[in-house]
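Take a look at the letters that make up each chain.
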Amino acid sequence: MSVIADWIEWFPALANGLWLSVRITAVSLIVGLPVGLGLAVMAASQNRVARTISVVIVEIGRGAPALVVLQLFYFGLPSVGITLTSFVAACSALALTTAAFTSEILRAGLQAVPPGEVEACKTLGVSPRDTLRFVVIPQGLRIALPALMGFSILIFQATSLTFTIAVPELLSQAYSIGSTTFNYLSVLVLAGLLYAVITIPASWLVVSTEKRMSRHLSYAR
Amino acid sequence: MQHLQAVLLGVPMTLLITVAAVSIGAVLGVPLVVGLRAKNFVVRIVSRGLVDLIRGIPAIVWLFIIYFGVSIGAFRFNSTMAAIVGLGLISAAYFAEIYRGGISAVDMGQWEAGNALGVNRWTTFGHIIGPQAFRVSVPSMTSYAISLLKDSSIASTIGVTEIVFFTTQDARSNAGGLTVYLLAAAIYLALSVPLALLARRLDASLRKKVSR
């Protein structure tokens with residue numbers, strides 16, 4: 001079984017790449033999610049300037065392909081004097097994409113919090129800031145959780161795009177092994193399976209979370 | 001101006017890949033969703049496994065597998081074909097999921113009415129449930145088509161001459177820098193906005209003809 005022998009030989013390099021993919025995902029989410037929340041809150045604010053800024057960032061982040069944003073950060077920014085390492089460029093580009101997409105998810109989550117609760121806070125004399133912080137955001141986050149988890153899977157898959165800016169992640173590792181052994185099919189399939197080993201169970205987790213979160217609804221029907 | 005011309009060169013190819021992949025996906029999604037809903041356990045498990053595997057592996061990895069990996073005798077895919085086949089397969093898996101959602105959104109009473117009137121299962125599916133499910137699926141289908149328009153940019157990695165391909169070329173040779181990438185982003189936006197507006201109008205008119 002030469003395929004298995006090859007796979008065992010290649011596995012350490014690919015596992016290193018996979019670990020880098022996971023790290024890029026984690027950094028992008030840790031940076032992108034709070035920004036996304038900020039954008040979501042800004043989109044709902046009374047201030048027109050804040051709303052406009054939020055809409056512009058979100059529309060660019062969602063409208064441009066992640067690949068273009070990635071290349072813009074890595075190949076485009078040096079022309080205005082900002083040179084990023086490929087890892088930093090990858091993380092910042094994916095964080096921007098994360099912020100743009102999650103802000104829409106979070107906005108939907110915040111809107112799903114019953115308006116009666118906000119009115120109740122107003123009646124009880126809770127300040128708008130505290131209402132947001134203690135009432136709307138905690139519940140909105142819970143509502144948005146399954147969608148956010150689903151999006152995290154997409155961002156993990158999107159790390160494969162950082163191959164184009166020379167980040168040595170999973171796909172790059174597989175491609176470089178392929179180009180030295182000429183056994184592209186075998187090594188790329190192994191890389192694909194390594195992605196699937198993470199994304200498929202993660203998607204089951206999303207489904208079970210969704211079910212868990214909507215459990216209370218079944219009584220109403 | 002010269003940068004804009006360079007980037008615009010890629011637009012026909014981007015549209016070609018997107019339209020071709022969406023068409024393949026919309027057609028192949030039908031047998032897949034029939035498989036997902038099959039009574040036969042084996043058919044159901046195989047379809048589910050296929051859909052999950054296709055969606056679980058990043059698109060760029062699929063393109064690489066098809067472009068670099070597949071060689072049957074002397075046959076190899078050229079880069080455009082590989083991109084269309086790869087993105088078409090991925091669309092099929094996504095469309096199957098969209099159709100599944102659409103079918104379950106149609107009222108159960110429609111199945112029961114078909115059954116009560118002595119219409120068999122396949123005819124009920126093809127003539128009663130299918131058309132209504134399709135109408136429910138249209139918004140998700142169009143938003144998937146828009147995201148595929150953007151995802152088609154990854155075809156540039158296997159050398160397909162679409163928008164990002166020319167963008168990168170221009171950035172490297174003519175020192176386009178930041179401008180050319182911003183132009184590319186703007187073109188993607190300009191392509192997807194009319195699609196989104198069209199989708200909204202289409203949905204409003206189709207939505208009226210569904211029993212839920």
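Residues numbered from 1 in each chain as written. Chains lettered and ligands numbered in written order. Predicted model: local features only at pLDDT ≥ 70, side-chain atom pairs only at ≥ 80, totals over all residues. Heavy atoms only, no water.

An unreviewed UniProt entry annotates chain B as Amino acid ABC transporter permease originating from Cryobacterium psychrophilum. Comment text from UniProt for chain B, heading Subcellular location (unreviewed entry), reads "Cell membrane". Per its UniProt entry, chain B bears the Sequence similarities (unreviewed entry) comment "Belongs to the binding-protein-dependent transport system permease family." (UniProt positions renumbered as here; feature names shortened; annotations may be inferred.)

Chain A appears in an unreviewed UniProt entry as Amino acid ABC transporter permease from Cryobacterium psychrophilum. Recorded under Subcellular location (unreviewed entry), the UniProt text for chain A is reproduced unchanged: "Cell membrane".

Trainee: Break down the interface of chain A and chain B for me, citing the residues and quoting the values.
Mentor: Many authors give the size of an interface as the accessible area that is lost as the parts come together. Every contact between the two is made by 34 residues of chain A and, on the other side, 29 residues of chain B. Surface buried jointly by chain A and chain B totals about 2,600 Å² across both partners, of which 78% is contributed by carbon and sulfur atoms. On the surface where chain A and chain B come into contact, there are six residue pairs in polar contact (both at pLDDT 80 or more). Counting residues per element, the ones that place at least two in the side of chain A that touches chain B are helix 2 (48-63), helix 3 (66-76), helix 6 (128-158), helix 7 (170-181) and helix 8 (184-213) of chain A. When residues of the side of chain A that touches chain B are assigned to their parent elements, the largest contribution, eleven residues, is made by helix 8 of chain A. (Contact = heavy atoms within 4.5 Å. Buried area = accessible area lost by both parts, 1.4 Å probe. Polar contact = N/O pair within 3.5 Å; in protein donor to acceptor, adjacent residues only side chain to side chain. Helix = DSSP H or I, 4+ residues; strand = E, 2+ residues; numbered from the N terminus.)

Trainee: Go over the pattern of salt bridges, please, and point to the residues and values.
Mentor: Following the criterion strictly, the structure yields four salt bridges over all chains and no others. Residues Arg107 of chain A and Glu104 of chain A are paired through a salt bridge, measuring 3.3 Å at the closest nitrogen-oxygen approach. Here Arg107 of chain A pairs with Glu104 of chain A, and both are found in helix 4 (residues 86-111), just three residues apart, close to one helical turn. Classification of Arg107 of chain A by relative accessible area gives partly exposed; the value is 29%. Where Glu97 of chain B meets Arg48 of chain B, a salt bridge forms, and the shortest distance between an N and an O atom there is 2.9 Å. (Salt bridge = Lys/Arg side-chain N within 4 Å of Asp/Glu carboxyl O. Buried < 20%, exposed > 50% of the residue type's maximum accessible area, 1.4 Å probe, protein only.)

Trainee: Please provide a residue-by-residue account of the side chain of Ser172 of chain A, values included.
Mentor: All names here are of chain A. Note on placement: Ser172 falls in helix 7. Accessibility expressed as a relative area gives 12% for Ser172, which makes it buried. If we ignore the near neighbours within four places in the chain, the residues touching Ser172 are Phe163 and Val167.

Trainee: Go over the confidence of the model for chain B, please, and point to the residues and values.
Mentor: Note: predicted coordinates in regions of low pLDDT should not be interpreted at a detailed level. Residues and elements named next belong to chain B. Confidence in the prediction of chain B, expressed as mean pLDDT, is 90, and 98% of residues score 70 or more. When pLDDT is averaged over each helix and strand of chain B, the minimum, 76, is found for strand 1 (residues 71-72) and the maximum, 95, for helix 2 (residues 11-36). Both scores are available for the predicted complex, with the pTM at 0.88 and the ipTM at 0.86. (pLDDT = per-residue confidence, 0-100.)

Trainee: Help me get a handle on the UniProt feature "transmembrane region" (unreviewed entry) in chain A, residues and values and all.
Mentor: Look at the UniProt record and you will see "transmembrane region" (unreviewed entry) annotated at residues 20-41, 53-74, 80-101, 143-167 and 187-207 of chain A. A distance of 32 Å separates the end C-alpha atoms of residues 20-41 of chain A, which is 100% helix and 0% strand.

Trainee: Before we move on, could you go through the packing of aromatic side chains and cite the residues and values that matter?
Mentor: Each aromatic ring pair is described using two quantities: the centre-to-centre distance and the angle formed by the ring planes. Applying the stated rule across the entire model yields 18 aromatic pairs over all chains. With a centroid separation of 5.4 Å and an interplanar angle of 70°, the aromatic rings of Phe163 of chain A and Tyr175 of chain A are classed as edge-to-face. Of this pair, Phe163 of chain A sits in the loop between helix 6 and helix 7 while Tyr175 of chain A sits in helix 7, and the two are twelve residues apart along the sequence. A ring pair is formed by Phe64 of chain B and Phe68 of chain B, whose centres lie 5.2 Å apart and whose planes are at 80°; its orientation type is edge-to-face. Of this pair, Phe64 of chain B and Phe68 of chain B both sit in helix 4 (residues 59-69), four residues apart, which is roughly one turn of that helix. The class of Phe64 of chain B is buried, set by a relative accessible area of 1%. Members of the aromatic cluster, connected to one another through ring pairs, are Phe163, Tyr175 and Tyr184 of chain A together with Phe64, Tyr67 and Phe68 of chain B. The ring of Tyr94 of chain B carries Arg55 of chain B above its face, with NZ or CZ at 5.0 Å from the centroid. (Phe/Tyr/Trp six-rings, centres within 6.5 Å; stacked < 30°, edge-to-face > 60°. Lys NZ or Arg CZ within 6 Å of the ring centre and 35° of its normal.)

Trainee: Describe the environment of Tyr184 of chain A, and please don't skip the residues or the numbers.
Mentor: Summarising the element assignment, Tyr184 of chain A is placed in helix 8. Taking the relative accessible area as the measure of exposure, Tyr184 of chain A reaches 15% and is therefore buried. Sequence separation of Tyr184 of chain A and Trp204 of chain A is 20 residues, and the distance between their C-alpha atoms is 30 Å. Ignoring anything within four residues of it in the chain, the contact list for Tyr184 of chain A reads Tyr175, Gly178 and Ser179 of chain A together with Phe68 and Gly69 of chain B.

Trainee: Give me the lowdown on the packing of helix 8 of chain A against helix 4 of chain B, citing residues and values where you can.
Mentor: Helices that pack against each other are described as a pair by the angle of their axes relative to one another and the distance between those axes. Contact geometry of helix 8 of chain A with helix 4 of chain B gives a least axis separation of 9 Å together with a crossing angle of 165°. As summarised for this structure, helix 8 of chain A and helix 4 of chain B are arranged roughly antiparallel, according to the angle between their axes. Crossing of helix 8 of chain A against helix 4 of chain B: the hand is left-handed. Contact residues: helix 8 of chain A offers Tyr184, Leu185, Leu188, Val189, Gly192 and Tyr195 of chain A, while helix 4 of chain B offers Val61, Phe64, Ile65, Phe68 and Gly69 of chain B. Here the residues of the contact of helix 8 of chain A with helix 4 of chain B are counted per class, giving nine nonpolar, two polar and no charged. (Axes fitted to C-alpha atoms, helices over the stretch in contact; angles between N-to-C directions. Parallel < 35°, antiparallel > 145°, perpendicular 65-115°, else oblique. Left-handed = near helix turned anticlockwise from the far one by under 90°. Nonpolar A, V, L, I, M, F, W, Y, C, P; charged D, E, K, R; others polar.)

Trainee: How would you explain the environment of Gly86 of chain B if you had to name every residue and give the values?
Mentor: Residue and element names in this part refer to chain B. Note on placement: Gly86 falls in helix 5 (residues 79-105). Here Gly86 falls in the buried class, since its relative accessible area comes to 1%. Measuring from C-alpha to C-alpha, the distance between Gly86 and Gly102 comes to 24 Å, with 16 residues separating the pair along the chain. Beyond its immediate sequence surroundings of up to four residues, Gly86 is in contact with Leu63 and Ile66.

Trainee: So, the packing of helix 5 of chain B against helix 7 (residues 121-151) of chain B: which residues are in play, and what are the values?
Mentor: All names here are of chain B. Packing of helix 5 against helix 7 leaves a shortest axis separation of 8 Å and a crossing angle of 130°. By the angle class used here, helix 5 and helix 7 are oblique. For helix 5 against helix 7, the interelement crossing comes out right-handed. Taken together, the residues of helix 7 that come into contact with helix 5 (itself represented by Leu87, Ile90, Ser91, Tyr94, Phe95, Ile98, Tyr99, Gly102, Ile103 and Ala105) are Phe125, Ile129, Ala133, Val136, Ser137, Ser140, Met141, Tyr144 and Leu148. Of the residues that constitute the contact of helix 5 with helix 7, the class distribution is 15 nonpolar, four polar and no charged.

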